[in-house]
Amino acid sequence: MTEIVVRWSEPLPAEDRYLKLLDDLERGRYDAYRLEIDQRRFLTGRVLAKTLVAERLGGAAESVRFDATCEDCGKPHGRPRVPGSDLVLSISHSGNLIGLAVADGVPVGLDVETASRKADASLVDYALSLAEREAVAGLSDEERSAAFFIYWTRKEAVMKATGKGLKIPLQSITFSRYDAPAELVTSGDAALDPARTRLADLKAADGHRAAVAALTSDSLSVTEEHWLP
């Protein structure tokens with residue numbers, strides 16, 4: 001059994017008690033955002049991550065340091081890693097919801113999207129496989145958009161788990177029907193083996209859709225928490 005903890009939060013205010021958790025590189029990234037909401041989303045993701053890591057490893061959140069070096073370009077905007085620990089983190093945000101997924105020693109990916117977004121025909125054709133497009137054919141516009149973003153969050157979650165992101169063609173992977181338990185059915189990319197990929201649709205919060213994935217053959221036990229400072 002692979003255990004995953006998913007912790008959710010609304011954007012935190014830019015208060016000293018949270019800002020002091022950022023190291024110099026993180027503070028530089030925070031300051032570089034032009035919009036306040038983007039600053040608060042970044043801050044919230046780091047606070048969630050450092051708080052939960054401190055709980056898991058012991059010690060204070062102020063002492064947690066991440067290595068976010070991008071494997072492609074070497075800049076500090078990659079997935080945050082915990083030096084000397086097997087904990088694996090994934091952060092996602094959309095609208096007024098920020099989420100963190102944590103697993104121990106297993107690649108994990110989290111995605112959340114606002115449920116108010118629309119999915120027109122061009123987006124459906126771009127992202128869904130033939131089997132997935134057939135599954136949403138005939139649905140009303142509202143039903144198609146809802147089904148689409150179930151597929152979309154699943155795809156984003158598994159791609160984040162691999163670390164390859166959109167380098168994996170969206171149409172190369174097919175999931176179980178949008179109204180069935182989440183399962184990777186087929187994959188045309190070597191980075192994703194259905195036998196070693198597990199995922200779950202999440203409750204998240206009203207007005208949002210979310211999924212979490214892990215690269216493992218074990219079943220998942222997922223705990224969702226809504227964090228209040």
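Going by the structure above, here's the rest.
Residues numbered from 1 in each chain as written. Predicted model: local features only at pLDDT ≥ 70, side-chain atom pairs only at ≥ 80, totals over all residues. Heavy atoms only, no water.

Participant: I would appreciate a short explanation of the overall build of the protein chain in the present structure.
Facilitator: Each helix and strand counted, the protein chain has 6 helices and 9 strands in total. The C-alpha radius of gyration of the protein chain comes to 18 Å, within 12% of the 17 Å expected for a compact globule of 229 residues. The principal-axis extents of the C-alpha atoms in the protein chain amount to approximately 50 × 35 × 35 Å. Nonlocal contacts in the protein chain, meaning residues at least 24 apart in sequence, comprise 56% of its contacts between residues at least 6 apart. Only carbon and sulfur atoms are counted for the fraction: they give 48% of the accessible area of the protein chain, which is about 11,200 Å². (Helix = DSSP H or I, 4+ residues; strand = E, 2+ residues; numbered from the N terminus. Rg over C-alpha atoms; globule rule 2.2 N^0.38 Å. Contact = heavy atoms within 4.5 Å. Areas by Shrake-Rupley, 256 points an atom, 1.4 Å probe, with all protein chains shown as cover.)

Participant: What's the story with the sheet that holds strand β4 (residues 108–114) in this structure? I'm lost.
Facilitator: The strands that make up a sheet pair up through hydrogen bonds in the backbone, lying either parallel or antiparallel. Across the sheet, which stays open at both edges, the 3 strands sit in the order β4-β8-β7 with antiparallel pairing between neighbours. Either end of the sheet is taken by a strand with one partner, and the two such strands are β4 and β7 (198–202). The mean inter-strand angle of the sheet, taken between neighbouring strand axes irrespective of direction, is 15 degrees. In terms of strand pairing, β7 meets strand β8 (residues 208–214) through 5 bridges, oriented antiparallel. (Pairing = 2+ DSSP bridges. Axes fitted to C-alpha atoms, helices over the stretch in contact; angles between N-to-C directions.)

Participant: Teacher, can you tell me more about the sheet that holds strand β2 (residues 87–94) here?
Facilitator: Taken in spatial order, the 4 strands make up an open sheet running β2-β3-β1-β9, and their pairing is mixed. Where the open sheet ends on each side, the last strands, each with one partner, are β2 and β9 (220–226). Each strand of the sheet is rotated relative to its neighbour by a mean of 20 degrees, with strand direction disregarded. As paired strands, β2 and strand β3 (residues 97–104) are joined by 8 bridges and run antiparallel to one another. When the bridges of β3 are listed, L89 appears paired with V102. Sheet contacts for helix α3 (residues 36–57): β1 (2–9), β2 and β3; angle to β3, the most-contacted strand, approximately 30 degrees.

Participant: It is not clear to me how the side chain of T216 should be interpreted in this structure. Could you clarify?
Facilitator: Following the sequence through the fold, T216 ends up in the loop between β8 and β9. Of the polar contacts made by the side chain of T216, one reaches the backbone nitrogen of D218; its length is 3.0 Å. In this structure, T216 is in contact with T2, V106, A195, R196, T197 and R198, ignoring residues within four places of it in sequence. (Polar contact = N/O pair within 3.5 Å; in protein donor to acceptor, adjacent residues only side chain to side chain.)

Participant: Explain the environment of H226 to me, please; I cannot follow it from the model alone.
Facilitator: Residue placement: H226 occurs in strand β9. Placed 216 residues apart in sequence, H226 and E10 show a C-alpha to C-alpha distance of 8.9 Å. Beyond its immediate stretch of four places on either side in the chain, H226 contacts W8, A204 and A205. Of the polar contacts made by the side chain of H226, one reaches the backbone oxygen of A204; its length is 2.9 Å.

Participant: Sorry if this is basic, but what is going on with the pairing of β4 here?
Facilitator: Consecutive residues of a regular strand have side chains that alternate between opposite faces of the sheet. Counting buried positions along β4 gives 7 out of 7 residues, so the element sits mostly inside the fold. Every second residue of β4 is oriented toward a common face, with V108, L110, V112 and T114 on one face and G109, D111 and E113 on the other, all of them buried. One ladder, built from 7 bridges, connects β4 with β8; its direction is antiparallel. Residue pairing in the sheet places V112 in a bridge with A210 of β8. (Buried < 20%, exposed > 50% of the residue type's maximum accessible area, 1.4 Å probe, protein only.)

Participant: Can you walk me through the pattern of salt bridges in this structure?
Facilitator: Two side chains carrying opposite charge are able to pair once their charged atoms lie near each other. Per the stated rule, a full pass over the model turns up 16 salt bridges. Among the ionic pairs, E26 bridges to R46, the shortest N-O distance being 3.1 Å. One end of the pair, E26, is in helix α2 (residues 24–32); the other, R46, is in helix α3, with 20 residues separating them in the sequence. By relative accessible area, which is 6% here, R46 ends up buried. Among the ionic contacts, a cluster of salt bridges with common partners joins R7, E55 and E225. (Salt bridge = Lys/Arg side-chain N within 4 Å of Asp/Glu carboxyl O.)

Participant: In this structure, what is going on with the packing of aromatic side chains? I would like to understand it.
Facilitator: In total, this model carries 4 aromatic pairs according to the counting rule given. In textbook terms, an aromatic cluster arises when at least three aromatic residues are bridged by ring pairs, as seen for F148, F149 and W152. (Phe/Tyr/Trp six-rings, centres within 6.5 Å; stacked < 30°, edge-to-face > 60°.)

Participant: It is not clear to me how the packing of α2 against α3 should be interpreted in this structure. Could you clarify?
Facilitator: Direction vectors running N to C along α2 and α3 enclose 155 degrees, while the axes themselves pass 8 Å from each other. Our classification of the angle between α2 and α3 gives roughly antiparallel. In the crossing of α2 with α3, the sense of the turn from one axis to the other is right-handed. Contacts from E26, R29, Y30 and D31 of α2 reach α3 at Q39, F42, L43, R46 and K50. A class-by-class count of the residues in the contact of α2 with α3 yields 3 nonpolar, 1 polar and 5 charged. (Parallel < 35°, antiparallel > 145°, perpendicular 65-115°, else oblique. Left-handed = near helix turned anticlockwise from the far one by under 90°. Nonpolar A, V, L, I, M, F, W, Y, C, P; charged D, E, K, R; others polar.)

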